[in-house]
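What follows is the residue order along each chain.
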Amino acid sequence: MLVAERQKKIVEIVNERLSIRVTELSKMFSVTEETIRRDLEKLEKENLLIRSHGGAVSIEKEQGEISYLEREITNAEQKREIAGAAVRLIEIGDQIVLDASTTAWYLAKELPDQPLTVLTNSIKVAIELSKKEQIKVISTGGTLLSQSLSYVGPLAERSLSMYHVNKAFLSCKGVHLEKGLSDFNESQALLKKHMMEIADETILMVDSTKFGTRSFSQIAPISTIDCIISDSNIDEVTRNELEEKKIKLLIVN
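A. Region of the structure containing helix α10 (residues 186–197). If you check α10, its first and last C-alpha atoms are 17 Å apart, about what 12 residues at 1.5 Å a residue would give, namely 16 Å. When α10 is considered as a whole, its buried residues turn out to be Gln 188, Ala 189, Leu 191, Lys 192, Met 195 and Met 196. Take α10 and look down its axis: the buried residues cluster within an arc of 165 degrees, on one side only. Its side-chain oxygen 2.9 Å from the backbone nitrogen of Ser 187, Asn 185 forms the N-cap of α10.

Here it is in structure tokens:
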């Protein structure tokens, strides 16, 4: 198979499967992993895919904001378990901020009705917490993103700057050990950065599929995270690197 033909086929496979690992492509085309890495580097420069840690991600996957309903059912079980672990880090009287991720919504569902103050840009989180009488809910307001049912923009950012919280609970699309945290939407990424800035402690809630990937908009370096909650599918190399960076890692089953 010619190089150009192989590279064209790689793009087709990545777009069809949304993401794939170098090892899989190496076996498919019976070439070395180094050859596949060179192919991916060239294809990324041509803006045909995005390289990730150990593989590649489809550009098509990154083009638009995924609807809330779709995100709600993606890796749902891991998100529920991660949210349950996050709830155990919240103490009575805490002031916290929750982003508009589905994991944050699961966290809101799991939160017991106890004295807390919760600041959020998520309509779904606010509605869920409205059922709990002892929890004070503050919405940022701002420009509504209909796909994620969340507020972003200058008004939301100014609203966040008025507050200080004990803990920020966030998720994101990409967690790269060298390039940091990223999200597909620039406005969401900027708001998450503001959330981290007003918090004493930032807890990142992400399933293992997010590691090694990069999305469009940078949020912050990974060193700004205090704790990561994830599932047991994180590879040993990533675990060791997080330990070296002195980032606490909580693993759920």
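Having seen it, we continue.
B. Structural detail: the pairing of strand β5 (residues 116–120). Counting buried positions along β5 yields four of five residues, so the element is predominantly enclosed. Here four bridges tie strand β4 (residues 95–98) to β5, and the two strands are oriented parallel to one another. Of the residues in β5, the one forming a bridge with Gln 95 is Thr 117. Read as a crossover between parallel neighbours, the route from β4 over helix α7 (residues 102–110) to β5 is right-handed. In this structure, β5 lies alongside strand β6 (residues 135–139), joined through five bridges in parallel fashion. Considered in β6, the bridge of Thr 120 is made with Ser 139. The parallel pair β5 and β6, bridged by helix α8 (residues 123–129), forms a crossover whose chirality is right-handed.

C. Highlighting the confidence of the model for the protein. Summary statistics for the protein give a mean pLDDT of 89 and a share of 93% for residues scoring 70 or more. Counting interchain partners and residues more than four positions distant, the pLDDT-below-50 stretch residues 62–73 has 33 contacts.

D. Fine view of the pattern of salt bridges. Going through the model one piece at a time under the given rule, you end up with 13 salt bridges. Here Glu 77 makes a salt bridge to Arg 80, at a shortest N to O gap of 3.6 Å. Taken together, the residues Glu 77 and Arg 80, both in helix α6 (residues 76–87) and three residues apart, mark about one turn of the helix. Taking relative accessible area as the criterion, Glu 77 reaches 46% and is therefore assigned partly exposed. On the accessibility criterion, Arg 80 (40% relative accessible area) is partly exposed. Across the pair Lys 192 and Asp 99 runs a salt bridge whose closest N-O atoms are separated by 2.8 Å. Of the two residues, Lys 192 is situated in helix α10 and Asp 99 in the loop between β4 and α7; the sequence distance between them amounts to 93 residues. Look at Asp 99 and you get buried, because its relative accessible area is 1%. Through salt bridges with shared partners, one network takes in Glu 33, Glu 34 and Arg 37.

E. Fine view of the sheet that holds strand β1 (residues 19–21). Taking strand neighbours across the sheet as the criterion, the three strands line up as β1-β3-β2 in an open arrangement whose pairing is antiparallel. Each end of this open sheet is capped by a strand with a single partner; those strands are β1 and β2 (49–52). With strand direction ignored, the average angle separating the axes of adjacent strands in the sheet is 20 degrees. Where β2 lies against strand β3 (residues 55–58), four bridges are found, and the strand directions are antiparallel. Of the residues in β3, the one forming a bridge with Leu 49 is Ser 58. Each of β1 and β3 is contacted by helix α2 (residues 22–29), which is oriented at about 75 degrees to β1, the strand it contacts most.

F. Summary view of the side chain of Gln 114. Relative to the assigned elements, Gln 114 resides in the loop between α7 and β5. Overall, the relative accessible area of 13% leaves Gln 114 in the buried class. Apart from residues lying up to four places away in sequence, Gln 114 is in contact with Ile 90, Glu 91, Ile 92, Gln 134 and Ile 135.

G. Focus on the side chain of Asp 39. Structurally, the position occupied by Asp 39 is in helix α3 (residues 33–45). A relative accessible area of 3% places Asp 39 in the buried class. A distance of 2.7 Å separates the side chain of Asp 39 from the side chain of Arg 6, its partner in a polar contact. Excluding residues that lie within four positions of it along the chain, Asp 39 makes contacts with Val 3, Arg 6, Gln 7 and Ile 10.

H. Seen up close, unusual backbone geometry. Positive phi, normally seen in glycine, also occurs at Asn 47, with a value near 60 degrees. With respect to the helices, strands and loops of the structure, Asn 47 is situated in the loop between α3 and β2.

What counts and what doesn't
Residues numbered from 1 in each chain as written. Predicted model: local features only at pLDDT ≥ 70, side-chain atom pairs only at ≥ 80, totals over all residues. Heavy atoms only, no water. Helix = DSSP H or I, 4+ residues; strand = E, 2+ residues; numbered from the N terminus. Expected span 1.5 Å × (residues − 1). Buried < 20%, exposed > 50% of the residue type's maximum accessible area, 1.4 Å probe, protein only. Arc of directions from axis to C-beta. Polar contact = N/O pair within 3.5 Å; in protein donor to acceptor, adjacent residues only side chain to side chain. Pairing = 2+ DSSP bridges. Right-handed = clockwise from strand over helix to strand, strands pointing away. pLDDT = per-residue confidence, 0-100. Contact = heavy atoms within 4.5 Å. Salt bridge = Lys/Arg side-chain N within 4 Å of Asp/Glu carboxyl O. Axes fitted to C-alpha atoms, helices over the stretch in contact; angles between N-to-C directions.

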